[in-house]
Amino acid sequence: MDPPEMNTSSKDLLIGSALAICGNLLISISLNIQKFTHVRNAKREESERLHYTKEPFWWLGLFLMFCGEIGNFSAYGFAPASLVAPLGTTTVVANLFLSAAILKEKIKPEHLFGSALAVVGAFLLVTFSKRTEKVFDAKQLVDALTQTAFIVYVCIEIVAIIVLFVLLYKFEMQSVLVYLLITSLLASFTVISAKAVSSMLQVTFAGWSQFRYPIFYAMLLVLAVTAVIQIKYLNQAMKYFNATVVVPTNFVFFTISAIIAGIIFYKEFWGMSALEICMFLFGCVMCFVGVYFITVGRESTQDSSQTEKPANEEPASRPVLADIIPTWLLADVNMAPVQPRGNVNHLSNAPDTRPILPEKTSDGSSSQDTLYDTPGAKDSPTASYGATQ
């Protein structure tokens, strides 16, 4: 006997929202603890440095991240993905204060303004998102997995992930965008599988067991694998780049990925009016503008000797797009005089100032001799060695 059609209620939405907010707070704390571990380890002498997996604080951060992800996972069983994902704004706001308290990173007025924009944008997303949705059972999930739109979506994402891996490992493009794009693309599969597992558990608790369907274990495997890979690349981004850049940017990418996954797989925009869709998209834009203000002009607060960086990474002040746009388009032209002015004294007493094989000129003298104004000028301590008087 198939289970009856189930839908979420207003009470479920409140429970899902509360779980998502608490989960995101724990994730923000965990990311800053892990960043603190990397910074502290980088300050040690080379011989005293430990691998981050040997640091108790790093494992504490990992445990808190696990708890936060459990909260987010549970939230998808009570609310739509397009509602849960924007609540990641909690992570952005909390990270501003946590990075200042734990990592001693500076907070500027534009960062607070950007955080306010992100919060308002998330409010619009929640207000105009779909409030109710159908709870999928195993058979409905199989039907959703075989729809043409989802198959095309999966193929595009797999190609994009392969391209990012090539950029990261073959061309060694060490950019925060590469790390976080990999994380966000995998997040779409995590969101789909997490919501699927949560939905089947909810149907199971209602009296119709879903454990006998292979799709349950397949989704559970996808959830575990993609979550572990996400943690790996998100942790690398936190290790190499500023926490106040990584966390908000990850929020934007994750939110877009989760919303698109919800639209294509769960059809969460179906039944919404044109006004609701427009306001929802406007809320997305506000979140992105807010994140821009949070990250603009942000410089690393750690010295290069204190923060672990990849061997070929540029300084922290280097623009993010410098790995994508040719450097000559981003460079500042500084015209300086080629010929130095004044007397050159630092070579006058040098014992070996002449080339080994001086070039001969047409009159038999070397080009080195022509640098002196008079025959006795070579012995003068203030001789003008090719400098303009």
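One structure accompanies this document, and this report is about it. As the structure is a prediction and not an experimental result, all values here were calculated from the model.

Put simply, helix α2 (residues 56-75) and helix α9 (residues 214-240) touch, their axes get as near as 12 Å, and they point 135° apart. Compared by their axis directions, α2 and α9 come out oblique. Judged by the twist between their axes, the crossing of α2 over α9 is right-handed. Contact with α2, carried on its side by W58, L62, M65 and F73, involves L223, I231, L234 and N235 of α9 and no other residues of that element. Split into classes, the residues belonging to the contact of α2 with α9 amount to seven nonpolar, one polar and no charged.

Here the focus is a nonpolar patch on the surface. A surface patch of nonpolar side chains, about 370 Å² in accessible area, is lined by I158, I162, V166 and F171. As for its placement among the helices and strands, F171 is situated in the loop between α7 (148-170) and α8 (176-205).

Considering the arrangement of structural elements, one finds L19 in helix α1 (residues 10-43). For the pair L19 and G71, spaced 52 residues apart in the sequence, the C-alpha separation amounts to 5.1 Å. When neighbours within four sequence positions are excluded, L19 is seen to be in contact with G71, N72, S74, A75 and F78.

Secondary-structure assignment places T37 in helix α1. Along the chain, T37 and W59 lie 22 residues apart, while their C-alpha atoms are 9.8 Å from each other. Here T37 is in contact with E55, F57 and W58, once residues within four sequence places are set aside.

To continue, consider α2. For α2, which comprises 20 residues, the first-to-last C-alpha distance of 29 Å matches the rise-based estimate of 28 Å (1.5 Å per residue) to within 8%. Of all the residues in α2, the buried ones are W58, G61, L64, M65, G68, G71, N72, F73 and A75.

Our focus in this paragraph is the pattern of salt bridges. For the structure shown, the criterion picks out one salt bridge. The shortest N-O distance in the salt bridge between R40 and E55 comes to 3.0 Å. Of this pair, R40 sits in helix α1 while E55 sits in the loop between α1 and α2, and the two are 15 residues apart along the sequence. Among the residues examined, R40 registers a relative accessible area of 27% and is labelled partly exposed. Assessed through its relative accessible area of 3%, E55 is described here as buried.

A positive phi angle is found at E172, which is not glycine, with a value near 50°. With respect to the helices, strands and loops of the structure, E172 is situated in the loop between α7 and α8. Phi at K267 is positive, roughly 55°, even though this residue is not glycine. Inspection of the secondary structure puts K267 in the loop between α10 (243-265) and α11 (274-295). What makes K267 partly exposed here is its relative accessible area of 31%.

So, about the side chain of S199. Within the fold, S199 resides in helix α8. Judged by relative accessible area, which is 5%, S199 ranks as buried. In this structure, S199 is in contact with V135 and F136, ignoring residues within four places of it in sequence.

With that out of the way, let us pick up the environment of Q140. With respect to the helices and strands, Q140 occurs in helix α6 (residues 138-145). For Q140 and A196, which are 56 residues apart along the polypeptide, the C-alpha to C-alpha distance reads 10.0 Å. Leave out the neighbours within four places in its chain, and Q140 touches K134 and V135.

Before going further, it helps to examine helix α4 (residues 89-102). For α4, built from 14 residues, the straight-helix expectation of 20 Å at 1.5 Å per residue is met to within 8% by its first-to-last C-alpha distance of 20 Å. For α4, the principal kink sits at N95 and spans about 30°. By the burial criterion, the buried members of α4 are T89, T90, T91, V92, A94, N95, L96 and S99.

Cut-offs and rules
Residues numbered from 1 in each chain as written. Predicted model: local features only at pLDDT ≥ 70, side-chain atom pairs only at ≥ 80, totals over all residues. Heavy atoms only, no water. Axes fitted to C-alpha atoms, helices over the stretch in contact; angles between N-to-C directions. Helix = DSSP H or I, 4+ residues; strand = E, 2+ residues; numbered from the N terminus. Parallel < 35°, antiparallel > 145°, perpendicular 65-115°, else oblique. Left-handed = near helix turned anticlockwise from the far one by under 90°. Contact = heavy atoms within 4.5 Å. Nonpolar A, V, L, I, M, F, W, Y, C, P; charged D, E, K, R; others polar. Patch = residues over 30% accessible without salt bridge, like charges linked within 9 Å, V, L, I, M, F, W, Y side chains within 5 Å. Areas by Shrake-Rupley, 256 points an atom, 1.4 Å probe, with all protein chains shown as cover. Salt bridge = Lys/Arg side-chain N within 4 Å of Asp/Glu carboxyl O. Expected span 1.5 Å × (residues − 1). Buried < 20%, exposed > 50% of the residue type's maximum accessible area, 1.4 Å probe, protein only. Bend = angle between axes of the 7 residues up to and from the residue.

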